[in-house]
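# Descriptive analysis of the structure
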Amino acid sequence: MKKFWDNSCGVDACGAGAPSASSGRAPARELPVTEPRSLKPVPASLTIGGVTISPATVLAPMAGVTDTVFRRFIRNLGGCGLIMTEFTSADGVLRKKDQKAKRYLHFYEDEHPISAQLFGSDPWVMAEAARMVEGLGFDLVDLNLGCPAKKVVKCNGGSGLLRDLPAIGKIFEAVRGAVKIPFTVKFRAGWNDEEIVCVELARMAESCGLAAVALHARTREMGYSGNARWEWIAAIKDAVKIPVIGNGDIRSPEDACAMVAQTGCDAVMIGRTAPSNPWIFRQIEQYCAALRDAGENLNGEGHDFSRAVNAEPALAAGGRFSVRNGAPSGAKALDFLAPSGMAEAMPFPSLPASTVAFRKRLYEEPTEGDRYQMIRTYFQMLIEEELPDAVGKMKQFASWFTHGVPGGAGLRKAIYESKSAPEILIRVEDFFERRLVIGAITL
Ligand SMILES: Cc1cc2nc3c(=O)[nH]c(=O)nc-3n(C[C@H](O)[C@H](O)[C@H](O)COP(=O)(O)O)c2cc1C
């Protein structure tokens, strides 16, 4: 079955995987010296209608991925300020018997702050569903205007509404009037290049009292292809005073800081990178701390990193372009999620000896031992949660997480051949036990 994200997204699927070290701490990311990009640390926090998000990083809503287990897993690893549910049908929320919608909206105390994302086109239904979401204890409610899936668009939901701004206005008003928690919207830039509505939409959101906007900087027609057009995020930021969350193609801490520098956005939202590199949020935190230090040391202001970048090649992070090179078109986005080790996929230019001295550890890379702990923890959480599709999720995630583990192909095969969740866990334990015995990894 073709999924809505079965589309070229321009992400390199050929990540070679993890750090080369087979034991102990993996080598620090060696930052390339390419053309300096301006970099600005992701803000330490932002406030959305009274809810504090700290740091200003958001786990993007992803259907089939960001269930309660994955969300808590990301939260526990640290560095993620806000998590969001998968998009949930407002109609489904109101239908008493819709167990799926109820499951999507199930969350635990340690997930706060958390936002529930709804889709739908009927203002009354949306308002009632938002009321329920507020009653369930969510901190924020979000409207999805980005989903390109045909079955959602057909009912005028998701990105289908982007062609009908007055209809969006009615939903904005109905939901805003129904709840006290902050109401936000996540959208694409427009239906296609000829119908870019993002600035108008952001202004409308602001005037209707929404507390923040998030832009996935692509059109509906682009799907996941091409590059996210960050200039659209900058245009929205210029147009409104409410917080703007930038989204699209952040694959590294360097990308996150480049987006903030280029667009002035108040927070960054990360989607596809999170399942292949769940440490991304923590890495951003570490990288931003290093940038702030460098800024303070170099100019005392902590704002203009162009000097830091020019003075210190270690901060001259590049690579956004390089991940895109050679991206296979037509591959599935889920395949794109598979590889970790984006950094390893980047063709780093070789550095002159004088520059090597500048290399610094700016954020930690996971070791094989870290990956082992992560797979085990995540699988145990899935089993404990007793999700109906736990085995399928384990198989899906195994392919993302085990890239970079030496012998990972064998482990993936063993996992795919397993019939039950406990059997998968046993095979994972066996695999890493053997690696421990031969001293390949340390915990
Ligand atoms: C598997 C998958 C599921 C997604 N589901 C949703 C969703 O439920 N709601 C939504 O607003 N966006 C959804 N998206 C879009 C992401 O939230 C995000 O906007 C997009 O992936 C671009 O960000 P990225 O480049 O960081 O991945 C989904 C994307 C993927 C790959």
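This text follows the structure it describes.
All of the points below concern the structure found in this document. Owing to the predicted nature of the structure, the values given are computational and were not obtained by experimental measurement.

Moving on: the pairing of strand S9 (residues 212–216). Taken across its 5 residues, S9 has 5 buried, putting it largely inside the fold. Pairing analysis gives 5 bridges linking strand S8 (residues 183–188) to S9, with the strands arranged parallel. If you follow Lys186 over to S9, its bridge partner there is Ala214. In this fold, S8 hands off to helix H7 (residues 198–207), which returns the chain to S9; that crossover is right-handed. Alignment of S9 against strand S10 (residues 244–247), held across 4 bridges, turns out to be parallel. Considered in S10, the bridge of Leu215 is made with Gly246. Each parallel crossover has a hand, and the one from S9 via helix H8 (residues 230–239) to S10 is right-handed.

Turning our attention to the site of the ligand. The environment of the ligand is made up of 24 residues, and the closest members are Ala60, Phe87, His216, Gly271 and Arg272. Here the shell around the ligand is composed, by residue class, of 11 nonpolar, 9 polar and 4 charged.

In this section: the packing of helix H1 (residues 68–77) against helix H17 (residues 368–385). For the pair H1 and H17, the least separation of the axes is 10 Å and the interaxial angle reads 140°. Put simply, H1 runs oblique to H17. As for the relative orientation of H1 and H17, their crossing is right-handed in sense. Along the contact surface, H1 presents Thr68, Val69, Arg72 and Phe73, while H17 presents Tyr378, Met381, Leu382 and Glu385. Among the residues forming the contact of H1 with H17, the class breakdown is 5 nonpolar, 1 polar and 2 charged.

Going from Ser54 to Pro55, the amide bond is cis rather than trans, its omega being -5°. Even without being glycine, Asp249 reaches a positive phi, approximately 70°. Relative to the elements of secondary structure, Asp249 occurs in the loop between S10 and helix H9 (253–263). Taking the C-beta count within 10 Å as the criterion, Asp249 has 26 such neighbours and is therefore assigned buried. The backbone of Glu386 shows a phi angle near 55°, a positive value even though the residue is not glycine.

Grouped together as the largest cluster of nonpolar side chains are 109 residues, with contacts concentrated most on Leu118, Val213, Leu215 and Val268. No other element matches helix H11 (residues 280–299), which puts 7 residues into this core. When residues of this core are assigned to domains, at least three fall in each of domain 1 (46–287) and domain 2 (368–437). When neighbours within four sequence positions are excluded, Val213 is seen to be in contact with Thr184, Val185, Ala202, Ala205, Ile236, Val240, Ile242 and Val244.

Analysis parameters
- Residues numbered from 1 in each chain as written.
- Predicted model: local features only at pLDDT ≥ 70, side-chain atom pairs only at ≥ 80, totals over all residues.
- Buried ≥ 20, exposed ≤ 12 C-beta atoms within 10 Å, placed from the backbone.
- Helix = DSSP H or I, 4+ residues; strand = E, 2+ residues; numbered from the N terminus.
- Pairing = 2+ DSSP bridges.
- Right-handed = clockwise from strand over helix to strand, strands pointing away.
- Near = placed C-beta within 6 Å.
- Nonpolar A, V, L, I, M, F, W, Y, C, P; charged D, E, K, R; others polar.
- Axes fitted to C-alpha atoms, helices over the stretch in contact; angles between N-to-C directions.
- Parallel < 35°, antiparallel > 145°, perpendicular 65-115°, else oblique.
- Left-handed = near helix turned anticlockwise from the far one by under 90°.
- Contact = placed C-beta atoms within 7 Å.
- Core = buried A, V, L, I, M, F, W, Y, C linked by C-beta atoms within 7 Å.
- Domains from an automatic or database assignment.

What is shown is where atoms sit, not what they do.
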